[in-house]
Amino acid sequence: MPLSFAWSTPGAALLIAAKATTHNFGAAIGAFIVCGLLIAITGVWPALTRAVTRIPTPIASSMLAGILFPICLAPIEASVKLPLLALPIVVVWLILFGLAPRWAVPGALVATIVVVGISAGTGWLHGGLVAPQLTFVSPTFQPLVIVSLGIPLFLVTMAGQNVPGFAVLRTFGYDHVPARTILVTSGLLSAATAFFGAHVNNLAALSAAIMAGPDSHPDRSRRWIATVTGGVTYVVLGLAAGFAASLVSVTPPLLITTVAGLAMLGALVSAVAASLEDPNNRIVAILTFLVVASGIVIVGIGSPFWGLLVGGIVMLWLTWHRRRRERGAAETTQPE
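Residues numbered from 1 in each chain as written. Predicted model: local features only at pLDDT ≥ 70, side-chain atom pairs only at ≥ 80, totals over all residues. Heavy atoms only, no water.

(A) Inspection of the packing of helix H5 (residues 74-81) against helix H13 (residues 253-275) at higher detail. Between H5 and H13, the least distance of the axes is 8 Å, while the angle of their chain directions is 140°. Considering their axes alone, H5 and H13 lie oblique with respect to each other. Remark: the crossing between H5 and H13 carries left-handed chirality. Note on element contacts: H13 touches H5 through Leu-254, Thr-257, Thr-258, Gly-261 and Leu-262, opposite Ala-74, Pro-75, Glu-77, Ala-78 and Lys-81. (Axes fitted to C-alpha atoms, helices over the stretch in contact; angles between N-to-C directions. Helix = DSSP H or I, 4+ residues; strand = E, 2+ residues; numbered from the N terminus. Parallel < 35°, antiparallel > 145°, perpendicular 65-115°, else oblique. Left-handed = near helix turned anticlockwise from the far one by under 90°. Contact = heavy atoms within 4.5 Å.)

Here it is, written out as structure tokens:
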């Protein structure tokens, strides 16, 4: 199976938003450890695992589509705001997508590096090539930090990464994913790597949408190769973290999102198609999509969770009414 793991993107966003929670990084490490253990407990507790993995397809696919939608808008926005930089990337992607679709995204990535290199010159290289280091951080467990940082980090990682990650795999036909093993392993790994500053590891969602989809390989049984390649690439990027950070630092953020948006188009199409397949739940799918795509944040929890909640409530309400009408119709047609 194309199982891919990464750091929690919404978790990182939460950390930025919660920077005023504590100035003690050791306390943050304690919260990271608690978050990892909570994820592992979710995997050990069968009821929680089932709750995470048995989300109805219209809701799960709509949530994925809502996450991907703003990213897929980036190429359009960048083409208007940064035409000299973005349009060459889009044109390269379009040409390759017509000639060799599998090479369209790598080609766009190479075009991005060339465009950034030409526009930024060579000044960004100075000081960027530094050897990576592991630094141990002693954790401290402060209840207020755990409540205000560790638990929200667990919620956004589950709602914004693990649940969409399972949704991605289900969308592409992987119905027997080892959810308990994934949650326990990633949770314990998160707790272990927290001692070196990592916030949380989880099942990938956005990158998984590329590697688990048909763009990586027409044969579903061969798509695991993409995740192995992605893992090796992560290691290379980790060893060249200083170099990569210097390159990203001189790259307009919109260009980075542009490449991601081009890469996610196929996944967005699949998610939208799957979400609207059932006519009885199309309003549920659309509402879930709109809430997630809105990007709202309430009490530190992002839109994927709220989209999941709204979609579930609406589905339960409409399903109850539909069954009630069906029972009423059946009673009226029964002979006396």
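(B) Up close: the pattern of salt bridges. For the structure on display, the rule yields one salt bridge. Across the pair Lys-81 and Glu-77 runs a salt bridge, and its minimum N-O distance is 2.7 Å. Taken together, the residues Lys-81 and Glu-77, both in helix H5 and four residues apart, mark about one turn of the helix. Take Lys-81: its relative accessible area is 56%, and that puts it in the exposed class. (Salt bridge = Lys/Arg side-chain N within 4 Å of Asp/Glu carboxyl O. Buried < 20%, exposed > 50% of the residue type's maximum accessible area, 1.4 Å probe, protein only.)

(C) Molecular detail of helix H2 (residues 25-44). Between its terminal C-alpha atoms H2 stretches 29 Å, which fits the 28 Å expected from 20 residues at 1.5 Å a residue. Most of H2 sits inside the fold, with 15 of its 20 residues counted as buried. Sitting at the head of H2, Asn-24 places a side-chain oxygen 2.9 Å from the backbone nitrogen of Gly-26. (Expected span 1.5 Å × (residues − 1). Polar contact = N/O pair within 3.5 Å; in protein donor to acceptor, adjacent residues only side chain to side chain.)

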